[in-house]
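So you can see what is in the structure, the chains are spelled out below.
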Amino acid sequence: MSSRSADTQVVQERLDAVGADQLLLAGVNDAHLAELARLSEARVILRGDDLILSGSAGAVEHAVPAARHMIEMARRLKPFSVSDVARFLGGEAPEPGAEEEAEALILPRARRVIRPRSKGQEQYIDAIRDSDIVVGIGPAGTGKTYLAVARAVEALHLKRVRKIVLTRPAVEAGEALGFLPGDIREKVDPYLRPLYDALEDMMPAEKVRRAIEEQTIEIAPLAYMRGRTLSDAFIILDEAQNATTAQMKMFLTRLGLNSKTVVTGDKTQIDLPRRADSGLLEIEEVLKGIEGIEFIYLTELDVVRHRLVKEIIRAYGELTAGEPGPEEGA
């Protein structure tokens, strides 16, 4: 039902929320409604079995599709988060029932079902399934590494590969590895910790430890890949924006028979002395159009961390959008 005040030009839309779980719809402390109001700039009130949206015509029109989807989710007792509200507003709201249709990854004793939470993530895991080399580019929090590791664990569990190889360039923030205390493992482990964390979220810790000891799973700095051929393996290069052009060529040519490679990176977080030396920037131009290599671009709409991560990414994007200078670090 719609009504317009001729004096204030305020539009009101009253949506039927009968049957919706009001806690799921509103969120804890009305967090979902507050986020819908904040992002759409409409006033949002849940009154009995009505969800009332009011404000300018543009604001209400923007908010209505997301609000309807929130109501439908709450009717079906499907929980969603504050960050999901932004995706709904951004056109990422799937049709009712689509959540069950999104492919779930088959993992042994994972802590929870792992499935894509946005269209971009769904395209990403589909590309990993279908292509031998996938390059996932996007900001922090979009699941680039996590979903790639999940696909790798799934492939190992289903015996599609015999080995997982996870690697990162060990680029330091102002220090050389030689000046850090400990043996080589103690020096590089801090750079590889996010890969361990992802694995331990998908496999029992003891199984991860045993797989590493047996070298079924290998986690190593990128420099350790030189001179090897990796067959029957699922290989992931994380933080690829910090691999040099020479390192990137070396890594990609390690691919052996029955192997799959995923390269992940964030072009806004290049830590190399010269931005132009990033191998990720180079392969974006050199390898496009080659059959079997797919580039997937994730955006702030695919961020699945705290909603403020999106705002931070957007703010830094606006700050650096007009900055020239390929010689500068990001």
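Let me begin by describing the structure that accompanies this report. Quick caveat, the model's predicted, so the values are computed rather than measured.

## Focus: the pairing of strand β7 (residues 217-221)
By the criterion of burial, β7 is predominantly enclosed, with five of the five residues buried. Sheet analysis places strand β6 (residues 163-168) next to β7, joined by five bridges and oriented parallel. Pairing of Ile-164 across the sheet is with Ile-217, part of β7.

## A short note on the pattern of salt bridges
Counted by the stated rule, this structure contains 18 salt bridges. Between Asp-84 and Arg-87 there is a salt bridge, with its nearest N and O atoms 2.2 Å apart. In this pair, Asp-84 and Arg-87 are both assigned in helix α4 (residues 82-92), three residues apart and thus about one turn of the helix distant. Owing to a relative accessible area of 1%, Arg-87 belongs among the buried residues under this scheme.

## Things to note about helix α2 (residues 31-40)
Turning to α2, its buried residues are His-32, Leu-33, Glu-35, Leu-36 and Ser-40. Relative to the axis of α2, the buried residues are bounded by an arc of 160 degrees and lie together on one face. Positioned one or two residues after α2, Glu-41 has a phi angle of 65 degrees, which is positive.

## Remarks on unusual backbone geometry
Here Glu-41, not a glycine, exhibits a phi torsion of approximately 65 degrees, which is positive. Of note, Glu-41 is situated in the loop between α2 and β3 (43-47). Notably, Glu-239 is not glycine yet its phi reads approximately 55 degrees, a positive angle.

## Observations regarding the environment of Glu-311
Along the chain, Glu-311 turns up in helix α12 (residues 307-320). For Glu-311, a relative accessible area of 25% corresponds to the partly exposed category. Sequence separation between Glu-311 and Glu-300 is eleven residues; the distance between their C-alpha atoms is 8.6 Å. Glu-311 has contacts with Arg-38 and Leu-39, leaving out every residue within four places of it along the chain.

## Let's talk about the sheet that holds β7
If you walk across this open sheet you meet the six strands as β7-β6-β8-β9-β5-β10, and the pairing is parallel. Only two strands of the sheet have a single neighbouring strand rather than two, namely β7 and β10 (293-297). Each neighbouring strand pair of the sheet contributes to a mean axis angle of 15 degrees, computed without reference to strand direction. The strands touched by helix α10 (residues 245-252) within the sheet are β5 (133-137), β6, β8 (233-237) and β9 (260-265), with β9 carrying the most contacts at an inclination of about 155 degrees. Contacts between helix α11 (residues 279-286) and the sheet are confined to β5, β9 and β10, with β5 contributing the most and set at about 120 degrees to the helix.

Cut-offs and rules
Residues numbered from 1 in each chain as written. Predicted model: local features only at pLDDT ≥ 70, side-chain atom pairs only at ≥ 80, totals over all residues. Heavy atoms only, no water. Buried < 20%, exposed > 50% of the residue type's maximum accessible area, 1.4 Å probe, protein only. Helix = DSSP H or I, 4+ residues; strand = E, 2+ residues; numbered from the N terminus. Pairing = 2+ DSSP bridges. Salt bridge = Lys/Arg side-chain N within 4 Å of Asp/Glu carboxyl O. Arc of directions from axis to C-beta. Contact = heavy atoms within 4.5 Å. Axes fitted to C-alpha atoms, helices over the stretch in contact; angles between N-to-C directions.

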